[in-house]
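Chains, contacts and geometry: an overview
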Amino acid sequence: MSTANRGRRTPAPPAVRRTRATLFLTGLVVALVAVVLVSAGSGQLRIAPDEVAGSILHRLHLDLGPMPSHPRGDATLWTVRFPRIAMALLVGATLAVAGALMQGVFGNPLAEPGVVGVSSGAAAAAAAAIVFGLGFAGAWTIAACAFVGGLATTLLVYLLSRSDGRTEVVTLVLTGIAVNAVAGAVLALLMFLGDTQAREQIVFWQLGSLGGSRWQYVWVVAPIAAAGILVAFLAAGSLDLLALGERSARHLGVHVERLRIVLIVVVALLTAAAVSFCGIVAFVGLVVPHLVRMVTGPSHLMLLVGSCLAGGLVLAVADLVARTLVAYADLPLGMLTSLVGGPFFFWLLRRARRTAGGWA
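Residues numbered from 1 in each chain as written. Predicted model: local features only at pLDDT ≥ 70, side-chain atom pairs only at ≥ 80, totals over all residues. Heavy atoms only, no water.

Overview of the overall build of the protein chain
Inclusion rule: A run of DSSP states H or I qualifies as a helix once it reaches four residues; a run of E qualifies as a strand once it reaches two. Both are numbered from the N-terminal end. Within these notes, the globule rule equals 2.2 Å times the number of residues to the 0.38 power, and the radius of gyration is based on C-alpha atoms. Throughout this description, buried means an accessible area under 20% of the type-specific maximum (1.4 Å probe, protein chains only), exposed means over 50%, and partly exposed covers the range between. Should any heavy atoms of two residues lie within 4.5 Å, those residues are considered in contact. Computed with a 1.4 Å probe, the accessible areas rest on the Shrake-Rupley method; for each residue, only the protein chains presented here act as cover.
Tallying secondary structure elements over the protein chain gives 14 helices and 2 strands in all. Taken against the 2.2 N^0.38 rule, which gives 21 Å for 360 residues, the C-alpha radius of gyration of the protein chain at 21 Å falls within 12% of a compact globule. Once the C-alpha set of the protein chain is aligned to its principal axes, its extents read approximately 65 × 55 × 35 Å. The buried share of the protein chain, taken over its 360 residues, is 48%. Look at the contacts in the protein chain between residues 6 or more apart in sequence, and 74% of them connect residues 24 or more apart. Counting only carbon and sulfur atoms, one obtains 68% of the accessible surface of the protein chain, whose full area is about 17100 Å².

Structure (structure tokens):
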């Protein structure tokens, strides 16, 4: 084998890729169900998985399975644990889909919402709403500020990284690093200006946590996430054409710049929805889509569906570890995802350097 071909794999036939992708997606669904049952039953008050399933079925008016034997078991499930699990699934799915869109739009696995500054920009805007006590939109105020901040930073990075009508990926990443630094400075300034309660909330944004999840927060995030993910699915075919190259995509009827602007808005929407109530959760948008792409192949529809399922699964598992690894403690969720995502990011850089082809 020549040096140029070393490290490259022969692409699998389409039929094999489809079968592998179908099995992979089925496995993700099964794993999601298992993790939900285990996670809901784990904690200081332990509930058996069959009792968790029985509680869900009874809520669906199906008289099947045993109810939790502990007198506070059912209330604990529906007031504390299920809202947290639902938020984990939503946030993981939105961040992973946002990452897949960024990678598809810019044709590079290094393009991720956190890397280009949208997460930190949204968190800074939300922190400003906390410090200055904004309430113009009621319960939606923080989410609205986070959306505007995420959208503004994403568009700024996009505009600054363009040159001669093209978006340079290296410039995109470097501009994102600069925006992250500025957003970090803004967060530090807001911590200086805010009172003790505001500082604690800003620290929450920086560390990331699902500890305060409630059903009312889930109902705020869910429609935003659903709308963004639906648009992402509808754009999958255009992303497949864009993967052929900008010139080829234009010849095939894709309005490249309009597609990019729309999807950047969707990325900002999805990321802002995740950041609004849970703080910064790093690297999910980088790690999950890239791993899913290795299994499902180049089809963006399969990639987006797989990223949606895998993102929810990854964050549900991470949150389970965060609240059960240390007794009577709730570890920062962003810390755990960074511990995994950081080494993966380094491996991704090394892999892209070795394989002088494809996404380099």
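Picking up after the structure, the text goes on.
Looking at the layout of surface pockets
Going by this rule: Think of a 1 Å grid over the protein atoms and nothing else: a 1.4 Å probe that fits but is trapped marks a cavity, an open set flanked by protein within 12 Å on at least five of seven lines marks a pocket, and residues with an atom within 4 Å of a point count as lining. Grid points are joined across faces, edges and corners, and a volume is the space filled by probe spheres set on the points. Residue polarity follows a fixed list, in which Ala, Val, Leu, Ile, Met, Phe, Trp, Tyr, Cys and Pro are nonpolar, Asp, Glu, Lys and Arg are charged, and the others, Gly among them, are polar.
Taken as a whole, the second largest pocket encloses approximately 440 Å³ of empty space. Around the second largest pocket, the lining comprises 19 residues; the ones closest to its centre are S42, G43, Q44, R81 and R323. Breaking the lining of the second largest pocket down by element, the ones donating at least two residues are α3 (73–106) and α13 (300–324). Of the residues contributing to the lining of the second largest pocket, the split by class is 7 nonpolar, 6 polar and 6 charged.

A short note on the environment of Y217
In this fold, Y217 is placed in helix α8 (residues 215–234). The spacing of Y217 and A126 is 91 residues in sequence and 15 Å in space, taken between C-alpha atoms. With residues up to four places along the chain from it excluded, the contact list for Y217 reads M87, G212 and F277.

A word on the nonpolar core
Cut-off, in case you're wondering: Throughout, nonpolar core names a set of buried Ala, Val, Leu, Ile, Met, Phe, Trp, Tyr and Cys residues whose side chains join them through atoms within 4.5 Å.
Grouped together as the largest cluster of nonpolar side chains are 68 residues, with contacts concentrated most on M87, V97, L101 and F106. Residue contributions to this core peak at 15 residues, all from α3. If we ignore the near neighbours within four places in the chain, the residues touching M87 are L210, S213, Y217, V218, V221, F277 and C278. Among the nonpolar cores identified, the runner-up in size contains 16 residues, and A124, A127, W205 and A272 belong to it.

A few points about the state of the cysteines
Heads up, the rule is: A pair of sulfur atoms, both from cysteines and within 2.5 Å, is called a disulfide here.
What the rule picks out here adds up to 0 disulfides. The thiol sulfur of C145 is not disulfide-bonded, and the nearest other cysteine sulfur, from C278, lies at 17 Å. Given a relative accessible area of 1%, C278 falls into the buried group.

Some details on the environment of L155
Structurally, L155 is set in helix α5 (residues 141–160). L155 gets classed as partly exposed once you look at its relative accessible area, which sits at 27%. In the structure, L155 is positioned 194 residues away from L349 in sequence and 25 Å away in space, judged by C-alpha atoms.

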